[in-house]
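Structure assessment
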Amino acid sequence: MRHRFLYAAALALAIALPGVASAQQYPARTIRVVVGFAAGGATDLSARFIAQKLSETIGQQVVVDNRPGAASTLASELVARSAPDGYTLLLANATVSMPSLFAKLSFDVRKDLVPVSLVGYGPLVLVVHPSLPVKSTKELIVLARRKPGMLNYGSAGVGSMTHLGMALLVSMTNVEMVHVPYKGSVPASIGVITGEVQLMFSSPAAVMSQIREGRLRALAVSGTTRSAVLPDVPTLAEAGLTGYDATSWYGMLAPAGTPGPAISRLGDETTKALTTADLKERLLNQGIEPAKGGTEEFAAYLSLEIPKWARVIKAAGIPPQ
């Protein structure tokens, strides 16, 4: 009997040891970071910058897998349904915190994905055509109230951050402006430059040269603090809209059930990477301000973002896509 007990104990230990070794050796193979947008955009570039850094520090290759389509929900679904083993991750932007934008989703971001680490913030800049007789956000609001429905604002499309940023401003100031959606940020900014529309929110990187050349006038940035790339431009909060925050962000998530040690390792390594001078410079050149804080901070931030954007989407009357 005693021999049987010892044999069973030894067998159980033999079965358990490979799992222990596997956990200790994580990662043991290539890690895939899925991006829901085409190559070249801010989300893709932030993923590639992080992947390169992690490949240098984590002991395995980290590759980016672009899966564009359906406003990034295809990529989110793919990761949510992947094996929770730490080898398939999602590099998402703020769209993942807006499930109410979509009529049908086969996953729940709050249940099927878990935060790993914030990567960076992408504050928007409010720009107007130089012919518009306003030089501050307060003057813009006064003009919009004096001429309800006469100002047209462009966006990169219905439900984009450039649309929702203005929808939040409209709801907080109780003004009336007309939304003109374009098929992307570039055509929208051209619309402002040519005077087809009078204003829009844009990523700073997309309009920096036009601001410098005087073809666009920057009134404010959308974050809670001034942008590192536009330090002389006030925040909307400084302009009197206390509590305004329409910051796009970039963060890494994993399938729910991913082992805690893997989440911790990935979160810690990402946080360390974001403190390096070269990565910070590369992100800032794209208008992305490196984030501070790891997994817990991201989880807390996400828990606030989801209900906030649900309220904005409802107030703006944006139908599910």
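Analysis parameters
Counting from 1, residues in each chain are numbered in the order their sequence is written. In keeping with the model being predicted, local features are shown solely for residues with a pLDDT of at least 70 and side-chain atom pairs are shown and tallied solely at 80 or more, while totals for entire chains, interfaces and linings include all residues. For side-chain calculations, the full set of non-hydrogen atoms in the structure is used, while hydrogens and water are omitted. Strands here are runs of E lasting at least two residues and helices are runs of H or I lasting at least four, both read from the DSSP assignment and numbered beginning at the N terminus. Exposure classes here rest on a 1.4 Å probe applied to the protein chains alone. A residue is buried below 20% of its type maximum, exposed above 50%, and partly exposed in between. Two N or O atoms count as a polar contact when they lie within 3.5 Å, although within protein this holds only if one can serve as hydrogen donor and the other as acceptor, and sequence-adjacent residues are included solely when both atoms are side-chain atoms. Here, two residues are considered to be in contact whenever any of their heavy atoms come within 4.5 Å of each other. What makes two strands pair is DSSP finding at least two bridges between them. A fitted line through C-alpha atoms serves as each axis, taken over the contacting stretch for helices, and the angle formed by two N-to-C directions is quoted from 0 to 180°. Only one rule defines a salt bridge in this text: a Lys or Arg side-chain nitrogen within 4 Å of an Asp or Glu carboxyl oxygen. To obtain the arc, one takes the directions from the helix axis to the C-beta atoms.

1. Describing the side chain of Ser 155
Locating Ser 155 in the fold gives a position in strand S6 (residues 152-155). Owing to a relative accessible area of 0%, Ser 155 belongs among the buried residues under this scheme. Polar contacts involving the side chain of Ser 155 include one to the main-chain amide nitrogen of Gly 157, which spans 3.1 Å. Side chain to side chain, Ser 155 and His 179 meet in a polar contact 2.7 Å long. The residues contacting Ser 155, other than those within four sequence positions of it, are Ser 160, Thr 162, His 163, His 179, Val 180, Pro 181, Tyr 182, Gly 184 and Ala 188.

2. As for the sheet that holds S6
The mixed open sheet is built from five strands, whose spatial order is S7-S6-S8-S5-S9. Edge positions in the sheet fall to strand S7 (178-181) and strand S9 (217-221), since each has one partner strand and no second. Pairs of neighbouring strands in the sheet enclose a mean axial angle of 30°, with direction left out of account. Two elements, strand S5 (residues 125-128) and strand S8 (residues 199-202), share four bridges in a ladder whose sense is antiparallel.

3. Here we look at the environment of His 163
Inspection of the secondary structure assignment puts His 163 in helix H6 (residues 161-173). Owing to a relative accessible area of 6%, His 163 belongs among the buried residues under this scheme. Once the C-alpha coordinates of His 163 and Ala 144 are considered, the two residues, 19 residues apart in sequence, prove to be 17 Å apart. Not counting residues up to four positions away in its chain, the partners in contact with His 163 are Tyr 153, Ser 155, Gly 157, Val 158, His 179 and Ile 318. A polar contact is formed between the side chain of His 163 and the side chain of His 179, at a distance of 3.4 Å.

4. As for the pattern of salt bridges
Taken as a whole and judged by the stated rule, the model has twelve salt bridges. With a closest N to O distance of 3.2 Å, Lys 53 and Asp 278 form a salt bridge. You can see Lys 53 sitting in helix H2 (residues 42-57) and its partner Asp 278 sitting in helix H10 (residues 277-284), a full 225 residues away along the chain. One salt bridge in this structure joins Arg 110 and Asp 108, with 3.3 Å as the shortest N-O distance. Through salt bridges that share partners, Arg 32, Asp 65 and Arg 67 make up one connected network.

5. Here we look at the pairing of strand S4 (residues 113-122)
Counting buried positions along S4 yields eight of ten residues, so the element is predominantly enclosed. Where S4 and strand S10 (residues 248-255) come together, eight bridges link them in antiparallel fashion. Looking at S10, one finds that Leu 113 is bridged to Pro 255. Pairing between S4 and strand S11 (residues 289-290): two bridges, direction antiparallel. Counted as the bridge partner of Gly 120 is Pro 290 from S11.

6. Section: helix H5 (residues 137-146)
If you check which residues of H5 are buried, you get Thr 137, Leu 140, Ile 141, Leu 143 and Ala 144. Considered in projection along H5, the buried side chains sweep an arc of 165° and stay on one side of the axis. More than 90 degrees from the buried face of H5, the exposed residues found are Lys 138, Arg 145 and Arg 146. Looking at the buried side of H5, the elements it contacts are S5, H6, S8 and S9.

All quantities given are derived from atomic positions and should not be read as evidence of function.
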